Amino acid sequence: MNLGVRWTLHGDGRTPAPGAVVRPDERLSWPRTFGLGAQHVVAMFGASFVAPVLMGLDPNLAIMMSGVATVIFLLATRGKVPSYLGCSLSFVGVAAVIRAQGGSSATVTGAVLVVGAALFLVGLAVRKFGARIIHAAMPPVVTGAVVMLIGFNLAPVTASTYWPQDQWVALLTMLFTGLAVVCLRGFWARIAIFLGLIFGYAVSWVFDRVFGKINSVVGGGAATDHWRLDLSAVGKADWIGLPNFHGPSFEWSAILVALPVVIALIAENAGHVKAVGEMTGDNLDDKLGTAISADGAASMLSTAVGGPPNTTYAENIGVMAATRVYSTAAYWAAAFFALLFGLCPKVGAIVAAIPGGVLGGITVILYGMIGLLGAQIWINSRVDLRNPLNLVPAAAGIIIGTGGVSLKFTDTFELSGIALGTLVVITGYHVLRAFAPAYMKQSREPLLDEGTSRYEGTSADEGTKS
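Residues numbered from 1 in each chain as written. Predicted model: local features only at pLDDT ≥ 70, side-chain atom pairs only at ≥ 80, totals over all residues. Heavy atoms only, no water.

- The protein carries the name Nitrate reductase in an unreviewed UniProt entry, which gives Streptomyces mesophilus as its organism.
- As recorded by UniProt, the Sequence similarities (unreviewed entry) comment attached to the protein reads in full: "Belongs to the nucleobase:cation symporter-2 (NCS2) (TC 2.A.40) family." (UniProt positions renumbered as here; feature names shortened; annotations may be inferred.)

If you want it as structure tokens, here you go:
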């Protein structure tokens with residue numbers, strides 16, 4: 001059985017020739033391959049460590065299980081789809097909602113495990129019936145709206161939890177991270193979040209020395225005087241040790257909040273598989289179902305032991321694009337390094353000590369970027385929001401999802417936020433489509449007042465002709 005763990009040496013094993021690429025079944029010399037693996041770990045470091053911290057889960061376990069998840073993914077796809085699986089940011093809002101309802105870490109991981117199972121089943125369905133079933137059930141207008149409301153639903157978390165802990169550190173971290181994302185190039189741009197974290201650490205340390213303790217609320221309750229950067233736990237942490245494991249707990253209210261995220265994961269996997277296929281020159285459409293199922297299986301395993309869910313990482317796809325090295329051997333090396341980091345509690349203690357103000361500055365950009373990925377789905381798929389059939393369910397669902405609208409059925413059961421918003425988008429679109437006139441289902445002509453798409457007499461299409 002071919003498991004995709006055999007590679008041929010590319011050229012002399014040193015540097016690809018100009019214009020050449022290192023294919024998934026090829027590798028450079030082992031020292032260079034391990035160097036690329038370390039680079040992949042650094043690329044995913046920021047987001048993959050920030051996400052579990054924001055979800056209230058053990059970052060050491062998260063990084064360890066990201067290595068395990070990557071191995072599962074590479075074996076399942078037979079080494080045809082080079083990709084790294086790291087902690088998914090799509091679940092941060094879900095975790096915040098579940099905890100706000102009194103849920104524990106076990107409740108969070110239990111709900112997310114069910115999402116992983118759903119993703120696994122979707123992958124099996126795609127393998128059997130093809131990717132067309134995804135588009136039929138969740139066309140781009142629906143997928144984009146759900147991804148958008150998941151991201152924007154996080155805005156209150158930043159505004160009320162992280163930013164107030166230290167508004168000036170948050171502001172400086174936000175500005176630096178924004179500059180890093182925009183101004184840096186290549187690999188450095190891919191680790192902009194990580195660089196923002198380092199900058200925030202440094203600023204917090206300087207502010208502690210210059211201004212002393214700050215008086216703000218940390219973890220709820222009353223405001224207290226505290227250091228911005230408290231590394232006391234780092235000195236007490238061991239260099240080698242196992243992370244904290246725990247079992248899942250299943251509650252319907254939490255599961256219903258988490259299930260809509262499966263749509264975002266499907267969109268992420270489909271987009272990443274397509275991107276990798278375009279870069280490598282291989283048609284990977286037949287691997288989409290396998291990739292989705294592998295992601296679901298890896299997330300189920302991670303959450304079963306108390307870790308966060310996983311998804312394919314755009315940061316690592318960016319590293320491949322920059323280096324033109326698509327060797328899956330580099331991802332095996334990355335998984336090895338991730339396992340080593342997961343066994344170092346001191347690393348987890350450093351991550352857990354991220355100051356609240358730093359998270360405030362990072363999440364302002366990060367959460368907004370998640371939400372705007374939904375708009376990117378609309379743009380790439382040319383969704384026409386002048387058509388009421390697209391506009392109405394998307395508009396209603398986004399407002400419900402981000403505004404915290406709730407629908408109470410009984411004293412013990414209600415739908416609100418992400419769950420209700422997603423339900424409105426999906427059912428609203430399909431119900432309206434069943435009753436909509438034929439011209440709304442087919443026409444790309446403007447169906448609303450031209451004022452929604454024209455400015456001073458110039459159409460959006462005309463504005464792009466230059």
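1. Remarks on unusual backbone geometry
So, point 1. Even without a glycine there, the phi angle at Arg78 is positive, about 55°.
So, point 2. For Arg78, the location among the structural elements is in the loop between α2 (59-76) and β3 (85-87).
So, point 3. Classification of Arg78 as partly exposed rests on a relative accessible area of 30%.
So, point 4. Although it is not a glycine, Arg382 adopts a positive phi angle of roughly 55°.
So, point 5. Structurally, Arg382 is set in the loop between α18 (356-380) and α19 (388-403).
So, point 6. We classify Arg382 as exposed; its relative accessible area is 65%. (Helix = DSSP H or I, 4+ residues; strand = E, 2+ residues; numbered from the N terminus. Buried < 20%, exposed > 50% of the residue type's maximum accessible area, 1.4 Å probe, protein only.)

2. Some remarks on the nonpolar core
In a soluble, globular protein the nonpolar side chains are often hidden away together inside.
So, point 1. Of all hydrophobic cores here, the largest spans 95 residues; its most connected members are Met55, Tyr367 and Trp378.
So, point 2. Of the residues that make up this core, three or more belong to each of domain 1 (28-383) and domain 2 (384-441).
So, point 3. Counting residues in hydrophobic clusters, the runner-up holds five residues, among them Val22, Leu28, Val325 and Ala330. (Core = buried A, V, L, I, M, F, W, Y, C linked by side-chain atoms within 4.5 Å. Domains from an automatic or database assignment.)

3. Topic: helix α8 (residues 167-183)
So, point 1. Here α8 is 17 residues long and its end C-alpha atoms lie 24 Å apart, about the 24 Å a rise of 1.5 Å per residue gives.
So, point 2. For α8, the full list of buried residues reads Val169, Ala170, Thr173, Thr177 and Ala180. Taken around the axis of α8, the buried residues stretch over an arc of 95°, which confines them to a single face. The exposed residues of α8 that point more than 90 degrees off its buried face are Trp168, Leu179, Val182 and Cys183. (Expected span 1.5 Å × (residues − 1). Arc of directions from axis to C-beta.)

4. Describing the side chain of Thr77
So, point 1. Its location among the elements puts Thr77 in the loop between α2 and β3.
So, point 2. For Thr77, the residues in contact, after removing those within four places along its chain, are Lys287, Thr290 and Ala291. (Contact = heavy atoms within 4.5 Å.)

5. Concerning helix α4 (residues 105-129)
So, point 1. Its 25 residues place the ends of α4 36 Å apart at the C-alpha level, agreeing with the 36 Å of an ideal helix rising 1.5 Å per residue.
So, point 2. Looking one or two places after α4, you find Gly130, whose phi comes out positive at around 95°.

6. Notes on the side chain of Ser293
So, point 1. Note on placement: Ser293 falls in helix α14 (residues 288-304).
So, point 2. One polar contact links the side chain of Ser293 to the main-chain carbonyl oxygen of Phe120, over a distance of 3.1 Å.
So, point 3. From its side chain, Ser293 meets the backbone nitrogen of Leu124 in a polar contact 3.1 Å long. (Polar contact = N/O pair within 3.5 Å; in protein donor to acceptor, adjacent residues only side chain to side chain.)

7. Looking at the packing of aromatic side chains
So, point 1. Under the counting rule described, the total for this entry stands at seven aromatic pairs.
So, point 2. Consider the rings of Trp30 and Phe34, whose centres lie 6.2 Å apart with planes at 55°: the pair is tilted. Placement of the pair is Trp30 and Phe34 together in helix α1 (residues 30-55), with a separation of four residues, close to one helical turn.
So, point 3. Here Phe34 falls in the partly exposed class, since its relative accessible area comes to 34%.
So, point 4. Three or more aromatic residues joined by ring pairs form one cluster here, namely Trp7, Trp30, Phe34, Phe336 and Phe337.
So, point 5. Note that Lys128 overlies the ring of Phe129, its terminal NZ or CZ placed 5.7 Å from the centroid.
So, point 6. Taking the ring centre of Trp239 as reference, the NZ or CZ of Lys346 above it sits at 5.1 Å. (Phe/Tyr/Trp six-rings, centres within 6.5 Å; stacked < 30°, edge-to-face > 60°. Lys NZ or Arg CZ within 6 Å of the ring centre and 35° of its normal.)

8. Describing the pattern of salt bridges
So, point 1. Within this structure, the stated rule accounts for three salt bridges.
So, point 2. Between Arg228 and Asp166 there is a salt bridge whose closest N-O contact spans 2.6 Å. With a gap of 62 residues between them, Arg228 in the loop between β5 (224-226) and α11 (232-236) and Asp166 in the loop between α7 (155-162) and α8 connect regions that are remote in the sequence. For the pair Arg228 and Asp166, one class covers both residues: buried.
So, point 3. Among the ionic pairs, Asp208 bridges to Arg228, the shortest N-O distance being 3.1 Å. With Asp208 in helix α10 (residues 192-211) and Arg228 in the loop between β5 and α11, the pair connects residues that are 20 residues apart, well separated along the chain. Each member of the pair, Asp208 as well as Arg228, carries the same accessibility label: buried.
So, point 4. In this structure, a network of salt bridges that share partners links the residues Asp166, Asp208 and Arg228. (Salt bridge = Lys/Arg side-chain N within 4 Å of Asp/Glu carboxyl O.)

9. Some details on the packing of helix α6 (residues 140-152) against helix α20 (residues 417-435)
So, point 1. The contact between α6 and α20 brings their axes to 10 Å, and the two run at 165°. Taken together, α6 and α20 sit at an angle that is classed as roughly antiparallel. You can see that α6 and α20 cross each other, and the crossing is right-handed. For the pair α6 and α20, the contacting residues are Val141, Val142, Ala145, Val146, Leu149 and Ile150 in the first and Ile418, Gly421, Thr422, Val425, Ile426 and Tyr429 in the second.
So, point 2. Residue classes in the contact of α6 with α20 are distributed as ten nonpolar, two polar and no charged. (Axes fitted to C-alpha atoms, helices over the stretch in contact; angles between N-to-C directions. Parallel < 35°, antiparallel > 145°, perpendicular 65-115°, else oblique. Left-handed = near helix turned anticlockwise from the far one by under 90°. Nonpolar A, V, L, I, M, F, W, Y, C, P; charged D, E, K, R; others polar.)

10. Quick look at the confidence of the model for the protein
So, point 1. Summary statistics for the protein give a mean pLDDT of 81 and a share of 89% for residues scoring 70 or more.
So, point 2. Of the regions scoring below 50 in pLDDT, residues 445-466 engages in 20 contacts with residues more than four places distant in sequence or in other chains. (pLDDT = per-residue confidence, 0-100.)

11. Remarks on a nonpolar patch on the surface
So, point 1. Taken together, the side chains of Trp30, Phe34, Phe336 and Leu340 define a hydrophobic patch exposed on the protein surface, amounting to about 380 Å² of accessible area.
So, point 2. Of all the elements in the fold, those that place two or more residues in the nonpolar patch are α1 and α16 (328-342).
So, point 3. Using a relative accessible area of 37% as the deciding quantity, one classes Trp30 as partly exposed. (Patch = residues over 30% accessible without salt bridge, like charges linked within 9 Å, V, L, I, M, F, W, Y side chains within 5 Å. Areas by Shrake-Rupley, 256 points an atom, 1.4 Å probe, with all protein chains shown as cover.)

12. Re the environment of Thr312
So, point 1. Mapping Thr312 onto the fold places it in strand β6 (residues 310-312).
So, point 2. For Thr312, a relative accessible area of 4% puts it in the buried group.
So, point 3. The spacing of Thr312 and Leu265 is 47 residues in sequence and 8.8 Å in space, taken between C-alpha atoms.
So, point 4. Residue contacts for Thr312: discarding those within four places in its chain leaves Phe73, Ser83, Tyr84, Leu85, Glu268, Asn269, His272 and Asp295.

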